[in-house]
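Analysis of the macromolecular model
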2 protein chains.
Amino acid sequence: MADYREMWSLLDMDLEKHDELCAVLPEFYGEIYMDQKNRPEGMNYFNMVVSEIHGLRVKELNDGKKDGKKVVGTFCVFVPDEIITAAGAVSVGLCAGSDFWHPDGEKIVPKNTCPLVKAAVGAYFGKTCPYFQSCNLIVGETTCDAKKKAWEIFSKEIDTHVMELPQMKREKNERHWEEEVALFKEKIEEVTGHTITEEELYERIKLHNEKRSVLKRLYDFRKVDNPPISGKDVLLITQIAFYDDPKRFIEMTNKLCDELEERVKENSGVYEKDAPRLLITGTPMAIPNWKMHHIIETSNAAVVAEETCTGTKYFKNLVSEEEKDMEGMIKNLASRYMKTNCAVFTPNKNRIDDIINMYKEYKADGVIYYSLPFCTCYAAEYMSVKEALEKEGIPVIMIETGYGLEDAGQIKTRLEAFLEMLDK
Amino acid sequence: MADYREMWSLLDMDLEKHDELCAVLPEFYGEIYMDQKNRPEGMNYFNMVVSEIHGLRVKELNDGKKDGKKVVGTFCVFVPDEIITAAGAVSVGLCAGSDFWHPDGEKIVPKNTCPLVKAAVGAYFGKTCPYFQSCNLIVGETTCDAKKKAWEIFSKEIDTHVMELPQMKREKNERHWEEEVALFKEKIEEVTGHTITEEELYERIKLHNEKRSVLKRLYDFRKVDNPPISGKDVLLITQIAFYDDPKRFIEMTNKLCDELEERVKENSGVYEKDAPRLLITGTPMAIPNWKMHHIIETSNAAVVAEETCTGTKYFKNLVSEEEKDMEGMIKNLASRYMKTNCAVFTPNKNRIDDIINMYKEYKADGVIYYSLPFCTCYAAEYMSVKEALEKEGIPVIMIETGYGLEDAGQIKTRLEAFLEMLDK
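Criteria and thresholds
Residue numbering note: each chain is counted from 1, following its sequence as written. Here chains are named by letter from A upward and ligands by number from 1 upward, in the order in which they appear as written. With the structure being a predicted model, the display of local features is reserved for residues of pLDDT at least 70 and the display and counting of side-chain atom pairs for 80 or more, all residues being used for whole-chain, interface and lining totals. Side-chain calculation: all heavy atoms of the structure are included, whereas hydrogens and water are not. UniProt positions are given in the numbering used here, feature names are shortened, and annotations may be inferred rather than shown by experiment. Least squares is used to superpose the copies, and the fit set is the C-alpha atoms of residues whose pLDDT is at least 70 in both copies. By definition in these notes, contact holds between two residues if any of their heavy atoms fall within 4.5 Å. Here the buried area means the combined drop in accessible surface, using a 1.4 Å probe, for two parts upon being joined, counting both sides. The term salt bridge refers to a pairing of a side-chain nitrogen on Lys or Arg with a carboxyl oxygen on Asp or Glu at a separation within 4 Å. Here a polar contact means two N or O atoms within 3.5 Å. Within protein one must be a hydrogen donor candidate and the other an acceptor candidate, and residues neighboring in sequence count only if both atoms are side-chain atoms. Counting from the N terminus, the helices are DSSP H or I runs at least four residues long and the strands are E runs at least two residues long. Only protein chains enter the area calculation, which uses a 1.4 Å probe; residues under 20% of their type maximum are buried, those over 50% are exposed, and those in between are partly exposed. Here the term patch refers to residues with relative accessible area over 30% and no salt bridge, with like charges joined within 9 Å and nonpolar side chains (Val, Leu, Ile, Met, Phe, Trp, Tyr) within 5 Å. All accessibility values rest on the Shrake-Rupley procedure with a 1.4 Å probe; residue burial counts only the protein chains present in the view. Charge assignment: positive for Lys and Arg, negative for Asp and Glu; neither His nor the chain ends contribute. Charged side chains are reduced to one point each, which is NZ for Lys, CZ for Arg, CG for Asp and CD for Glu. A pair of strands is treated as paired once DSSP finds two or more bridges between them. Every axis corresponds to a line fitted to the C-alpha atoms, with the helix fit spanning only the stretch in contact, and the corresponding angles, defined between N-to-C directions, vary from 0 to 180 degrees. Put simply, a disulfide is two cysteine sulfurs that come within 2.5 Å. Convention used here: angles under 35 degrees read as roughly parallel, angles over 145 as roughly antiparallel, angles from 65 to 115 as roughly perpendicular, and any remaining angle as oblique. Classes in brief: Ala, Val, Leu, Ile, Met, Phe, Trp, Tyr, Cys and Pro nonpolar; Asp, Glu, Lys and Arg charged; the others, Gly included, polar. Left-handed describes a crossing in which the near helix is turned anticlockwise from the far one by less than a right angle; the clockwise case is right-handed. When the strands point away from the viewer and the connection leading from the first strand across the helix to the second strand turns clockwise, the crossover is called right-handed.

In the nomenclature of an unreviewed UniProt entry, chain A corresponds to 3-hydroxyacyl-ACP dehydratase from the organism Anaeromicrobium sediminis. In its Sequence similarities (unreviewed entry) section, the UniProt entry covering chain A states "Belongs to the FldB/FldC dehydratase alpha/beta subunit family." Quoted straight from UniProt, the Cofactor (unreviewed entry) entry for chain A says "[4Fe-4S] cluster".

This is the structure in structure tokens:
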């Protein structure tokens, strides 16, 4: 890896503390990722991206900034990337996936805060995330309580725009969300000093739809009998989608998919024959949170899909490309994002249908209901999901776990008991 | 106490389990309330209300139901009682203040749910709250995540209407809340079969303003040097305000206030001379949650005010009585309720001003930041409140505690250290 210390220093990072993070990540990644059998060649690109996680991409962002390109940090699949990129800015998902950041986070938010939010706060205030340090603007949303209150903390230090996501999905809420998307466009125009044209926005709607389509292409390979790629690898790719350059990401993921197509023809899979197939549903897994997948896939089981924000919620539903006028496009953008069946909505019954449909589509044998601790909305929905799945005869187990590895053994034991019970 | 078992049985209550609750409450109340020195005579009415807590008032509700009067259960100071009572229905705050209900609650919601919501769910599904069992309708609101998701659970069993409280307080949010108030009126009209007239609503606006004014009158007595009534008693009265008949409540509280007026003249107070005066800010205390007040007032300190939903948030700000047309009144109602500075809003800076103003008005010596566990919004605001209070030289301590008494000794120790530190 090139030496980025000068860049990090210019970004006002805490170099010493950041070194500690840099020191552990390669080994951590190596153990989890590099030992996988029969990995596709195309994963080399994503290996490189991880090895350069706080380097190359950050350099790209900062080179862009020298040319006046703004950097916009986001946390949530409800923030329309199309608007950010249409204004010539770059959208990056922010650091939130490691307990390395928790000690710094706990200085500012209560200990009983979800690991994701606590990590993000710690990464920012501890100055150990070069993405945060590169941002001109942070975009929040009123999804869950923890995130909603976190923006207030960020806003004391950095320009922070909050989109008010409705709590329901009635007709009037759709209109409200359209207004929020329009307000977001105004804010982005103000930050970038660039008025978005209809052509620019249309172009970006097509680009991000293409990104969604390549992810769908990738996920479809997991539906086959012996998947040619591991769940762990697909999770990584989806995590990288949040901050990689969209065009390069599309190109490299398509290349990987071409390889997977060949593999399927050759029936070259990555799992043991008859490995139980699991669908994960629940809370997002920010990079480098690979814990659940790693436990599952080192227990002779396969993760075949994720009904999460770092899974299908990220790319499901395209923005309609029918309208090319500004008002129509704003409407279409709002409509696409509102289709996301997040647990912050009340009611959120469609999520149950999503889970059941995905269980069938991906030919899963069981469902892991994954929840980060203190995620009230997802934890609360478990009861209803369980009830509905049991009615369908679908086995489900709830696993609530944070980022630390202290409970990995216990989870493995519970998981193995669950796997034995499955009808395989 | 009269025998209400037949009534409870008709309400389909779990009599055996409910007996356990009835068996402990009188002693619990006696220990906390009846030993207070120099209590005002006027508290006798409220003693009676508590001794009849699941009896007399429930009988009134059910006698009313025989005459077609509907009962509407609420949980939150954002639900406009004016509309409920204008339609001839009765509004009652619901059971949520005891850990007696937690075992039943934990069968349905995650353990890590705030004690208030967990108790409410347990009280309903365990069939041990006669108020719940008397309801024709439950009214929820999208305030915090835990409550928002709880309505989905209630709605499976009972008619539940959810008001979508905005997450922000911009101009457009005010308009949105007006629409929600109007939708609520429609729902109440549907449930009661009664179309609310302008006269009826105006009448009720005046009535509930009168109720607010009498509470303000009561709280004002706490501002004097040697308050003539304990914080514990005032908390009880405010808790009772949520479910007592409004007219009788106004009458009895005014009567008590007349007595307090005399006491002030005679300089007859309830505390030791120079008892440190504490302001409590934070989460609501549903009946019979008297824990924090009891610990404070048995530590030779006085609670002189509560910046909580079971404190000033309940009665602060009157509804304007200027308009008498329906549209104008809906607007005024919405406007009054939106002034409440709840931690679910982002940002919520005005709450800090409220705390500082109350600290001065009530001549407090220190602030107790009280939070129930897993109350993300209030816990998250502590940092900003602390920062602002410290800037003003106002001592503050955070106490996070649930309903159980296992940590009472530890809290007392922390509190005593805090009291010693105060400039008294």
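Still more ground to cover, so stick around.
Of the two same-sequence chains, chain A is brought onto chain B (RMSD 0.0 Å, axial shift 0.0 Å) by a rotation of 180°. Look at the turn and shift together and you get a two-fold axis relating the two. The rotation axis passes nearest to the C-alpha of A:Asp145 in chain A, at a distance of 3.1 Å. The fraction of interface residues of chain A whose copies in chain B are also interface residues reaches 98%, indicating that both copies meet through the same surface.

Further remarks concern the interface of chain A and chain B. Facing 42 residues of chain A, the contacting portion of chain B comprises 41 residues. Of the roughly 3300 Å² buried between chain A and chain B, counting both surfaces, carbon and sulfur atoms make up 50%. Looking at the side of chain A facing chain B, the largest losses of area belong to A:Asp145, A:Lys149 and A:Gln167, adding up to 18% of the total buried there. Inspection of the region where chain A meets chain B yields 12 salt bridges. In this structure, B:Glu180 engages A:Lys172 in a salt bridge whose closest nitrogen and oxygen atoms are separated by 2.8 Å. In this assembly, chain A and chain B are joined by 31 residue pairs in polar contact (both at pLDDT 80 or more). Among the secondary structure elements, those contributing two or more residues to the side of chain A that touches chain B are α9 (145–155), β4 (160–163), α10 (171–192) and α18 (376–391) of chain A. Counting residues per element, the side of chain A that touches chain B draws most heavily on α18(A), at eight residues.

For the rest of this paragraph, the subject is the pattern of salt bridges. Inspection of the entire model under this criterion finds 88 salt bridges over all chains. Here A:Lys111 ties to A:Glu106 by a salt bridge, and the two come within 3.8 Å at their closest N and O atoms. Accessibility expressed as a relative area gives 30% for A:Glu106, which makes it partly exposed. One connected set of salt bridges, linked through shared partners, spans A:Lys149, A:Glu152, B:Glu307, B:Lys313, B:Arg351 and B:Glu381.

Take the side chain of A:Thr143 next. All names here are of chain A. Among the secondary structure elements, threonine 143 is positioned in the loop between β3 (137–141) and α9. A polar atom in the side chain of threonine 143 sits 2.6 Å from the side chain of glutamate 141. Separated by 3.4 Å, the side chains of threonine 143 and lysine 147 make a polar contact.

Moving on, we come to the environment of A:Ile205. Relative to the elements of secondary structure, A:Ile205 occurs in helix α11 (residues 198–220). The contact partners of A:Ile205, leaving out residues within four places of it in the chain, are A:Glu82, A:Val319, A:Ser320, A:Glu321, A:Met329 and A:Leu333.

What follows deals with a negative patch on the surface. All names here are of chain A. There is a patch of like negative charges on the surface, built from Glu198, Glu199, Glu322, Glu323, Asp325 and Glu327. Tracing the chain through its elements places glutamate 323 in the loop between α15 (312–315) and α16 (326–338). Take glutamate 323: its relative accessible area is 31%, and that puts it in the partly exposed class.

Hydrogen bonds along the backbone pair up the strands of a sheet, which may run parallel or antiparallel. Residue and element names in this part refer to chain B. With respect to topology, four strands assemble into an open sheet ordered β2-β1-β3-β4, the strand pairing being parallel. Pairing within the sheet leaves two strands with one partner each, and these edge strands are β2 (90–93) and β4 (160–163). Each strand axis lies, on average, 25° off the axis of its neighbour in the sheet, ignoring direction. Here strand β1 (residues 71–74) runs beside strand β3 (residues 137–141); their pairing, made up of three bridges, is parallel. Considered in β3, the bridge of glycine 73 is made with isoleucine 138.

Let us now look at the state of the cysteines. Residues and elements named next belong to chain A. The final tally for this structure, using the stated rule, is two disulfides over all chains. One disulfide in the model links cysteine 95 with cysteine 129; its S-S distance is 2.3 Å. With the S-S bond torsion at 70°, the cross-link from cysteine 95 to cysteine 129 turns out right-handed. A residue pair is termed long-range when its members are at least 10 positions apart, and cysteine 95 in the loop between β2 (90–93) and α6 (102–105) and cysteine 129 in the loop between α7 (115–125) and α8 (130–134) qualify at 34 residues. Neither residue differs from the other here; cysteine 95 and cysteine 129 are each classed as buried. Residue cysteine 309 stays outside any disulfide, its sulfur separated by 5.7 Å from that of cysteine 342, the closest cysteine. For cysteine 309, a relative accessible area of 13% corresponds to the buried category.

To continue, consider the side chain of B:Asn47. Residues and elements named next belong to chain B. Within the element layout of this structure, asparagine 47 appears in helix α3 (residues 43–51). A distance of 3.1 Å separates the side chain of asparagine 47 from the side chain of arginine 39, its partner in a polar contact. Among residues more than four places away in sequence, those in contact with asparagine 47 are Tyr29, Met34 and Arg39.

All names here are of chain A. Following both chains from N to C, one finds α7 and α9 inclined at 10°, their axes separated by 10 Å at the closest point. What the angle tells us is that α7 and α9 run roughly parallel. Where α7 abuts α9, its residues Val117, Ala120, Val121, Tyr124 and Phe125 lie against Ala146, Lys147, Ala150, Ile153 and Phe154. The residue inventory of the contact of α7 with α9, partitioned by class, reads nine nonpolar, no polar and one charged.

For the rest of this paragraph, the subject is the sheet that holds β2(A). Residues and elements named next belong to chain A. Strand order in this open sheet of four strands is β2-β1-β3-β4, and the pairing throughout is parallel. Looking at which strands have only one partner, the edges of the open sheet turn out to be β2 and β4. Sheet twist, expressed as the mean angle between neighbouring strand axes with direction ignored, is 25°. Pairing of strand β1 (residues 71–74) with β2 involves four bridges; the strand directions are parallel. Bridge assignment links valine 72 to a residue of β2, and that residue is serine 91. On top of the sheet, α10 reaches β1, β3 and β4; it is set at about 165° to β4, its chief contact.

Residue and element names in this part refer to chain B. It is at 11 Å that the axes of α3 and helix α12 (residues 231–241) come closest, and there the two elements cross at 55°. Of the possible angle classes, the one that applies to α3 and α12 is oblique. The two elements α3 and α12 meet at a crossing, and its hand is left-handed. In contact with Met43, Phe46, Val49 and Val50 of α3, α12 contributes Asp233, Leu236, Ile237 and Ile240.

Our next topic: the pairing of strand β7 (residues 366–371) of chain B. All names here are of chain B. With six of six residues buried, β7 is to be regarded as a mostly interior element. Burial along β7 is two-sided: Gly366, Ile368 and Tyr370 facing one way and Val367, Tyr369 and Ser371 facing the other are all buried. As defined by bridge partners, strand β5 (residues 277–282) adjoins β7 across five bridges and the pair is classed as parallel. If you follow leucine 278 over to β7, its bridge partner there is glycine 366. In the sheet, β7 pairs with strand β8 (residues 396–400) via five bridges, with the strands oriented parallel. Within β8, the residue paired with serine 371 across the bridge is glutamate 400. Taking the sense of rotation as the criterion, the β-α-β connection linking β7, helix α18 (residues 376–391) and β8 turns out right-handed.

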